[in-house]
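Observations on the three-dimensional arrangement
Below are the chains, spelled out letter by letter.
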Amino acid sequence: MSPLPAPSPTRRLALYTLVVCVLAVAAAVVSFVQGSFLGVVWVLLAGLSSNMTWYYVKREKARRAAGADVSR
């Protein structure tokens, strides 16, 4: 018996995109500190992955809410 239920694919995708967002922010900071304007690309990637994270989180909440309504 595992202590936590297995995460759904949507939840797993949200976690992956969150990790990508954090890594992209770190890469942007390092890039700007080194004086490279390549950090702009990292900032754009961080924004994209942040939006993807929110999308997957909202999608999972909506799926759970729909599942709760069906079980009534």
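A short tour of the structure in this document, coming up.

Reading guide: rules and limits
- Residues numbered from 1 in each chain as written.
- Predicted model: local features only at pLDDT ≥ 70, side-chain atom pairs only at ≥ 80, totals over all residues.
- Heavy atoms only, no water.
- Helix = DSSP H or I, 4+ residues; strand = E, 2+ residues; numbered from the N terminus.
- Buried < 20%, exposed > 50% of the residue type's maximum accessible area, 1.4 Å probe, protein only.
- Contact = heavy atoms within 4.5 Å.
- Areas by Shrake-Rupley, 256 points an atom, 1.4 Å probe, with all protein chains shown as cover.
- Salt bridge = Lys/Arg side-chain N within 4 Å of Asp/Glu carboxyl O.
- Phe/Tyr/Trp six-rings, centres within 6.5 Å; stacked < 30°, edge-to-face > 60°.
- Expected span 1.5 Å × (residues − 1).
- Patch = residues over 30% accessible without salt bridge, like charges linked within 9 Å, V, L, I, M, F, W, Y side chains within 5 Å.

1. Description of the overall build of the protein
In terms of helices and strands, the protein carries two helices and zero strands. Per-residue burial over the protein gives 19% buried out of 72 residues. Of the contacts made within the protein by residues no fewer than 6 positions apart, 59% connect residues no fewer than 24 positions apart. Total accessible area on the protein stands at roughly 5,800 Å², and carbon and sulfur atoms take up 72% of it.

2. Thoughts on the pattern of salt bridges
Evaluation of the coordinates by the stated rule reveals two salt bridges. The partner of Glu60 in a salt bridge is Arg63, and the shortest N-O contact between them spans 2.7 Å. Taken together, the residues Glu60 and Arg63, both in helix 2 (residues 39-70) and three residues apart, mark about one turn of the helix. You can call Glu60 buried: its relative accessible area is 7%. For Glu60, the salt bridge goes to Arg64, with nearest N and O atoms at 3.2 Å. With Glu60 and Arg64 both in helix 2, this residue pair falls four residues apart, about one helical turn.

3. Things to note about the side chain of Ser8
Mapped onto the secondary structure, Ser8 falls in the segment before helix 1 (9-33). Taking relative accessible area as the criterion, Ser8 reaches 16% and is therefore assigned buried.

4. Side note on the environment of Trp42
Topologically, Trp42 is positioned in helix 2. Separated by 16 residues in the primary sequence, Trp42 and Ala26 place their C-alpha atoms 8.6 Å from one another. With residues near it in sequence (within four places) discarded, Trp42 still touches Ala24, Ala27, Ala28 and Ser31.

5. Regarding the packing of aromatic side chains
With the rule as written, the count across this model stands at one aromatic pair. Ring centres of Tyr55 and Tyr56 lie 5.3 Å apart, and the angle between their planes is 65°; on these two criteria the pair is classed as edge-to-face.

6. Description of helix 1
Taking 1.5 Å per residue as the helical rise, helix 1 with its 25 residues ought to reach 36 Å, and the 36 Å between its terminal C-alpha atoms agrees with that figure. Once helix 1 ends, the next one or two residues include Gly35, with phi positive near 85°.

7. Topic: a nonpolar patch on the surface
On the surface, Leu13, Leu15, Tyr16, Leu18, Val19, Val22 and Leu23 cluster together into a nonpolar patch covering about 660 Å² of accessible area. Take Leu15: it is sitting in helix 1.

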